[in-house]
Amino acid sequence: MRALVIANSGQALASMTNLLVDLRRVDLRHASGASHVDRQVRSFGPALVLIDDMRWPPLALARIQEVRSAAPDAAIVVTTSELEGDWLADALRHGADAVLPAEADNETFLRI
């Protein structure tokens with residue numbers, strides 16, 4: 001399976017990468033939140049995209065739309081530390097398949 005992790009910080013990148021460690025046969029790539037994600041998604045063709053909430057929901061929502069447009073069939077999972085507010089529903093409306101707490105364990109993640 002091809003998976004792409006999009007994160008702005010090293011800590012978020014490490015945390016999200018650790019979620020995938022238990023999966024076998026994962027071709028894992030990383031992208032910065034500031035990069036041209038749509039180009040990376042189109043060229044790599046991931047089945048799964050993990051997006052860190054980037055501490056600013058409007059940017060995360062833009063990333064979700066960018067990924068969904070570039071890879072309509074990819075599963076998009078957003079991890080967030082912000083569990084309050086309308087932005088969680090907005091993430092789903094913008095094309096995310098799931099929104100998980102940033103502290104989600106591997107078992108929770110693997111059920112998706």
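Each remark here, short or long, concerns the structure printed above.
Summary of the structure given here. Just so you know, the residues in each chain are numbered from 1, in the order the chain's sequence is written. Local features in this predicted model are restricted to residues of pLDDT 70 or higher, and side-chain atom pairs are both shown and tallied only at a pLDDT of 80 or more, whereas totals for entire chains, interfaces and linings draw on every residue. Water and hydrogen atoms play no part in the side-chain values, which are based on all heavy atoms of the structure.

## Topic: the overall build of the protein
Counting its secondary structure elements, the protein contains five helices and five strands. In DSSP terms, a helix is any run of H or I states spanning at least four residues, a strand is any run of E spanning at least two, and both are numbered starting from the N terminus. Starting at the N terminus, the α and β elements of the protein follow one another as β-α-β-α-β-α-β-α-β-α. Sequence-distant contacts in the protein: of pairs separated by 6 or more residues, those separated by 24 or more amount to 66%. Per element, the accessible surface of the protein, about 6100 Å² overall, is 49% carbon and sulfur. Residue contacts are counted whenever heavy atoms from the two residues lie within 4.5 Å of one another. What sets the accessible areas is the Shrake-Rupley method with a 1.4 Å probe; for residues, cover comes only from the shown protein chains.

## A look at the nonpolar core
Among the nonpolar cores identified, the biggest contains 21 residues, and I6, I51 and V67 are the most heavily contacted of them. Of all elements in the fold, only β1 (2–7), α2 (37–44), β3 (48–52), α3 (57–70), β4 (75–80) and α4 (87–93) reach the threshold of two or more residues within this core. It is α3 that provides the largest number of residues to this core, a total of five residues. Here V67 is in contact with I6, V37, V41, V49, I51 and I76, once residues within four sequence places are set aside. Only buried Ala, Val, Leu, Ile, Met, Phe, Trp, Tyr and Cys residues count toward a nonpolar core, and they belong to the same one when joined by side-chain atoms within 4.5 Å. Accessible area is worked out with a 1.4 Å probe on protein chains only. A residue is then buried under 20% of its type maximum, exposed over 50%, and partly exposed in between.

## Considerations on the packing of α2 against α3
The convention used is that axes are lines fitted to C-alpha atoms, helices contributing only their stretch in contact, and that angles between N-to-C directions extend from 0 to 180 degrees. Between α2 and α3, the least distance of the axes is 9 Å, while the angle of their chain directions is 30 degrees. Taken together, the axes of α2 and α3 are roughly parallel relative to one another. α2 and α3 meet at a crossing whose hand is right-handed. Along the contact surface, α2 presents V37, D38, V41 and R42, while α3 presents R63, E66, V67, S69 and A70. When residues are sorted by character, Ala, Val, Leu, Ile, Met, Phe, Trp, Tyr, Cys and Pro go into the nonpolar class, Asp, Glu, Lys and Arg into the charged class, and all the rest, Gly among them, into the polar class. For the contact of α2 with α3, the per-class residue count stands at four nonpolar, one polar and four charged. Roughly parallel means an angle under 35 degrees; roughly antiparallel, over 145; roughly perpendicular, 65 to 115; everything else is oblique. Rotating anticlockwise by less than a right angle from the far helix to the near helix defines a left-handed crossing, while the corresponding clockwise rotation defines a right-handed one.

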